[in-house]
Amino acid sequence: DCEYNLIANLPYYVATNIIIKALFDKNCRTIIVMIQKEVSNKFSAKAHDKEFSSLSVITSHYAKAIFEVCKVPPSSFEPAPKVDSSVLKIVKKDYQNLPVLCMSAIKIEEIHQIISLTLGADDYYDKNNGLHVLILRIKNILNKTCVFKD
């Protein structure tokens, strides 16, 4: 169980899965990766950005800092890809046991719930549920994680 930093030029088709596994790995401290710019934007998006997604929520839960180190244009490669790239740096938090409740105030597709829960969210709440349901879900998650007891 040694701590490590993940520094890689990841193949675009597996980048998301590798980054998520590194986020979940308690031994990984920092992630510096070159990935497709569009994917980088999803990992680093803030709540009101159009790219904000379940990847943004999961990353912000595990990271204390997320930022783009630099952009890498297609002309930097031979042959040139059809997409822009980005070097993304994620510095992880020192603690990993906080619960995650994903919430949505808009109508969402079931796939968004599936992705959030697959990526490690403890629960998913959307606008179709009332305030009492939200409070009970929060209490249940906190009780299960021993962060809060009645």
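The structure this text deals with has already been given above.
Residues numbered from 1 in each chain as written. Predicted model: local features only at pLDDT ≥ 70, side-chain atom pairs only at ≥ 80, totals over all residues. Heavy atoms only, no water.

Caption draft 1: View of the pairing of strand β6 (residues 123–126). Because side chains alternate across β6, one face comprises the buried residues Asp-123 and Tyr-125, and the other comprises Tyr-124 and Asp-126, equally buried. Examined bridge by bridge, strand β5 (residues 101–104) and β6 share four bridges and lie parallel to one another. Each residue of the ladder has a partner; that of Cys-102, found in β6, is Tyr-124. (Buried < 20%, exposed > 50% of the residue type's maximum accessible area, 1.4 Å probe, protein only. Helix = DSSP H or I, 4+ residues; strand = E, 2+ residues; numbered from the N terminus. Pairing = 2+ DSSP bridges.)

Caption draft 2: Structural view of helix α3 (residues 54–62). α3 sits mainly inside the fold: seven of its nine residues count as buried. For α3, the complete set of buried residues consists of Ser-54, Leu-55, Ser-56, Ile-58, Thr-59, His-61 and Tyr-62. Lining the buried residues of α3 we find α1 (15–24), α2 (37–44), β3 (63–72), β4 (85–92) and α4 (110–118). (Contact = heavy atoms within 4.5 Å.)

Caption draft 3: Spotlight on the sheet that holds β4. In space, the four strands of this open sheet follow the order β1-β2-β4-β3, with mixed pairing throughout. Single-partner strands in this sheet number two, and they are β1 (4–9) and β3. Each adjacent strand pair in this sheet contributes to an overall mean axis angle of 15°, direction not counted. Looking at chain direction, β3 and β4 are connected through eight bridges and run antiparallel. Its bridge partner lying in β4, Val-72 is registered against Ser-85. Across the sheet, α2 is in contact with β2 (28–36), β3 and β4; its angle to β2 comes to roughly 140°. (Axes fitted to C-alpha atoms, helices over the stretch in contact; angles between N-to-C directions.)

Caption draft 4: Just the nonpolar core, in detail. Core analysis: the largest hydrophobic core is formed by 20 residues, its most contacted members being Ile-19, Leu-23, Ile-31, Val-33, Ile-35, Phe-43 and Ile-90. A total of five residues in this core trace back to one element, the largest contributor, which is α1. (Core = buried A, V, L, I, M, F, W, Y, C linked by side-chain atoms within 4.5 Å.)

Caption draft 5: Spotlight on the environment of Ile-18. By the secondary structure assignment, Ile-18 is in helix α1. Taking the relative accessible area as the measure of exposure, Ile-18 reaches 30% and is therefore partly exposed. When near neighbours in sequence (up to four residues on either side) are disregarded, Ile-18 contacts Leu-6 and Leu-10.

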